[in-house]
Amino acid sequence: MHTPVDLYLETWNATDAATRERLLADHWSEAATYTDPMVDVAGHDEISATIAAVQAQFPSYVFSLVGSIDAHHRQTRFQWGLGPAHAEPVVIGFDVLVSDEGGRIQCVHGFLDKVPG
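Since the structure is predicted, the reported quantities are computational estimates derived from the model, not experimental observations.

Colleague: Mind laying out the nonpolar core, listing which residues take part and the relevant values?
Modeller: Nonpolar side chains in soluble globular proteins tend to end up buried together. By size, the foremost hydrophobic cluster in this structure holds 20 residues, and its most contacted members are Tyr8, Trp28 and Ile47. The element contributing the most residues to this core is helix 1 (residues 4-13), with four residues. The residues contacting Trp28, other than those within four sequence positions of it, are Tyr8, Thr11, Trp12, Leu23, His44, Ile47, Arg104, Ile105 and Val108.

Right, here's the structure in full:
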């Protein structure tokens, strides 16, 4: 069984637009929002465009889980890393996912802990 974090990271790692759109449609609320220090977007199209922009900025990098997942009720917090596969992350962030009553990702509150120069 995939956790919301697994599905979240899978969405961020989907470089194929059709795959990313399917993941958003299947596992994210239609009215999903994503907010971090760099962006504040809503809806599948804007979230997908944000993901594509990050992938363009960091080509061939992947998102991975850093540490453990903490969850209660419909909230999940975790730290993630972005960098070359199987290497030390270049960027590290901390996100809080809130799921809707159906278990789909409803909103994401993101924070950046480590950003390159």
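Colleague: Hey, could you go over helix 3 (residues 43-57) for me, with residue numbers and the actual values?
Modeller: Helical geometry note: an α-helix holds 3.6 residues per turn, so side chains three or four residues apart project in the same direction. In this model helix 3 runs 21 Å from its N-terminal to its C-terminal C-alpha over 15 residues, within 8% of the 21 Å that 1.5 Å per residue would give. Within helix 3, burial applies to Gly43, His44, Ile47, Ser48, Thr50, Ile51 and Gln55.

Colleague: Pulling in residues and values, what's your account of helix 2 (residues 17-27)?
Modeller: The complete set of buried residues in helix 2 reads Arg20, Leu23 and Leu24. The buried residues of helix 2 occupy an angular sector of 100° when the element is viewed end-on, so they sit on one face. Summarising the contacts, the buried residues of helix 2 are in contact with helix 1, strand 1 (28-36) and helix 3.

Colleague: Give me the lowdown on the packing of aromatic side chains, citing residues and values where you can.
Modeller: In total, this model carries seven aromatic pairs according to the counting rule given. Consider the rings of Tyr8 and Trp28, whose centres lie 5.9 Å apart with planes at 25°: the pair is stacked. One end of the pair, Tyr8, is in helix 1; the other, Trp28, is in strand 1, with 20 residues separating them in the sequence. Given the relative accessible area of 0%, Trp28 is considered buried.

Rules and cut-offs
Residue numbers here run from 1 along each chain, matching the order of that chain's written sequence. Owing to the predicted nature of the model, reporting of local features is limited to residues with pLDDT of at least 70; listing and counting of side-chain atom pairs is limited to 80 or more, with chain, interface and lining totals taken over all residues. Heavy atoms from the whole structure form the basis of all side-chain values; hydrogens and water molecules are not counted. Among the buried residues, those of types Ala, Val, Leu, Ile, Met, Phe, Trp, Tyr and Cys that are joined through side-chain atoms within 4.5 Å form a nonpolar core. Residue exposure (1.4 Å probe, protein chains only): buried if accessible area is under 20% of the type maximum, exposed if over 50%, otherwise partly exposed. Every helix listed is a DSSP run of H or I at least four residues long, and every strand listed is a run of E at least two residues long, numbered separately from the N terminus. Note on contacts: a residue pair qualifies if any of its non-hydrogen atoms lie within 4.5 Å across the two residues. Given the number of residues in a helix, its expected span is that number minus one, multiplied by 1.5 Å. The arc in question is the one spanned by the directions pointing from the helix axis to the C-beta atoms. Centres within 6.5 Å make a pair out of two Phe, Tyr or Trp rings, where for Trp the six-membered ring is used; the pair is then stacked when the planes are under 30 degrees apart, edge-to-face when over 60, and tilted otherwise.

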